[in-house]
Each structure stands twice: as C-alpha cells, then as structure tokens.
Amino acid sequence: MNSSNSFSPRGGNCGPPMHELSVIASLFETIETLAGENGAKAVTGVWIKAGALSGVVPELLESAFDIFKQGTIAAGANLTIKRPPLTIQCRTCRTETVGTDFILACPACSSSDLHIVEGTDLVLERIELETDGPADPEDTVIR
Ligand SMILES: [Zn+2]
C-alpha cells in the first residue's frame, strides 16, 4: 500500500483466475510501455513482488503470465515472483511482527499504533530488456 509502482487490476471483483488475469493484463500494459520507451526488442525477465496478503495466488499469476505473454514482446520472458510475508511494525516500540495475518495490537507493548511495512503490496519490481544498441543497459530498474 506504499508504493508508487503498484499496479492495479481494472474493474476486478472477480475471483481467481480472473483476478490474476486482470492483474497480468495491467502488468503487460506497463511492460510494453517500458519496453517501448527503452527501445527494447524483447523482454527477457520480469520480477514481481506479491505480498502474502496481496490477494493474488502466485501459481495463478504464473499461469496467467504464460498465457498472456504469447505473441507479445515478452513471449520469451521468465517470471519471478517474490512472496514476502506480512510485516507489521509498532510505531510505539518499533517491534516488527512477521506473520501471515493481521494483528490488532503489538505483542511487545500492546500498542495498537501499528503500520504495515510489507506484505500487502503487488509491485512490478524490475524487468530485464534486450536491446539493439551495445551501449544500452541490459537491466531496467523500475523503482
Ligand atoms: Zn510495540
């Protein structure tokens, strides 16, 4: 919930795998835009961070990606999905709690002034591009 790189599915109140398909559709728009801006002839790798509570299933995201990439500039791309657990930090004592579910109070000091560090976001972290020019960078970091 804290990243400018988050990509959101359009319109989706559908269950899987439609949710994952709409996420991937949105992702591909971003990938193709970035590839175009960088003059890439192919996208060779895509890295996504999908937190434990991001609402997507990594396996479904992978199969949606494989379906979607056919015939696109990313047809030969490998998808790597990172799945960080939910991390919640207490603003009072700074204790971090890592788990798979939300908590209402800090286990160290019982404060309810908590904020989510990681684990709910769905982010395109990086794509790897193949370009014609030898001077072009191989990697494009998007954060
Ligand atoms: Zn605390």
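Residues numbered from 1 in each chain as written. Predicted model: local features only at pLDDT ≥ 70, side-chain atom pairs only at ≥ 80, totals over all residues.

Digging into the overall build of the chain
- If you tally the helices and strands in the chain, you get two helices and seven strands.
- Shown N-terminal to C-terminal, the secondary structure of the chain runs as helices and strands in the order α-β-α-β-β-β-β-β-β.
- Split into buried and exposed, the 143 residues of the chain put 24% on the buried side.
- At a minimum sequence separation of 6, the contacts of the chain that also span at least 24 residues come to 63%. (Helix = DSSP H or I, 4+ residues; strand = E, 2+ residues; numbered from the N terminus. Buried ≥ 20, exposed ≤ 12 C-beta atoms within 10 Å, placed from the backbone. Contact = placed C-beta atoms within 7 Å.)

With respect to the sheet that holds strand E4 (residues 96-99)
- Ordered by their spatial adjacency, three strands build an open sheet running E4-E3-E5, and the pairing between neighbours is antiparallel. Looking along the sheet, the strands with just one partner apiece sit at the ends: E4 and strand E5 (114-118). In this sheet, neighbouring strand axes are inclined to one another by 30 degrees on average, regardless of whether the strands run parallel or antiparallel.
- Here strand E3 (residues 86-90) runs beside E5; their pairing, made up of four bridges, is antiparallel. Considered in E5, the bridge of Gln89 is made with His115. (Pairing = 2+ DSSP bridges. Axes fitted to C-alpha atoms, helices over the stretch in contact; angles between N-to-C directions.)

A word on the confidence of the model for the chain
- The predicted model of the chain averages 85 in pLDDT, with 80% of residues at 70 or higher.
- When the criterion is pLDDT under 50, residues 8-16 qualifies, and its contacts beyond four places in sequence or with other chains add up to 14 contacts. (pLDDT = per-residue confidence, 0-100.)

Remarks on the pairing of strand E2 (residues 78-82)
- Bridge count between strand E1 (residues 40-50) and E2: five bridges; the pairing is parallel. Residue pairing in the sheet places Gly45 in a bridge with Asn78 of E2.
- In this view, the connection linking E1 to its parallel neighbour E2 by way of helix H2 (residues 58-68) has right-handed handedness. (Right-handed = clockwise from strand over helix to strand, strands pointing away.)

A closer look at the environment of Ser111
- With respect to the element layout, Ser111 can be found in the loop between E4 and E5.
- Those residues in contact with Ser111 that lie beyond four places of it in its chain are Cys90, Thr92, Cys93, Ala105 and Cys106.

Remarks on the nonpolar core
- Core analysis: the biggest nonpolar cluster contains 23 residues, and Val23, Ile24, Leu27, Ile31, Val43, Val46 and Leu61 have the highest contact counts within it.
- Only helix H1 (18-37), E1, H2 and strand E6 (122-131) provide two or more residues apiece to this core.
- Among the elements that line this core, the one with the most residues is H1, at seven residues.
- When residues no more than four places from it in sequence are discounted, the contact partners of Leu61 are Glu20, Val23, Ile24, Ala50, Val56 and Ile81. (Core = buried A, V, L, I, M, F, W, Y, C linked by C-beta atoms within 7 Å.)

Structural notes on the environment of Ser54
- As for its position among the elements, Ser54 is in the loop between E1 and H2.
- A tally of 22 C-beta atoms within 10 Å means that Ser54 is categorised as buried.
- The spacing of Ser54 and Asp121 is 67 residues in sequence and 5.3 Å in space, taken between C-alpha atoms.
- Setting aside residues no more than four positions away along its own chain, Ser54 makes contact with Thr120, Asp121 and Leu122.

A look at the pairing of E4
- Here E3 runs beside E4; their pairing, made up of four bridges, is antiparallel. Following the sheet pairing, Ile88 is matched in E4 by Thr97.
- A loop of five residues connects E3 with E4, the two strands running antiparallel in sequence, and Arg94 in this loop sits at a positive phi of about 75 degrees.

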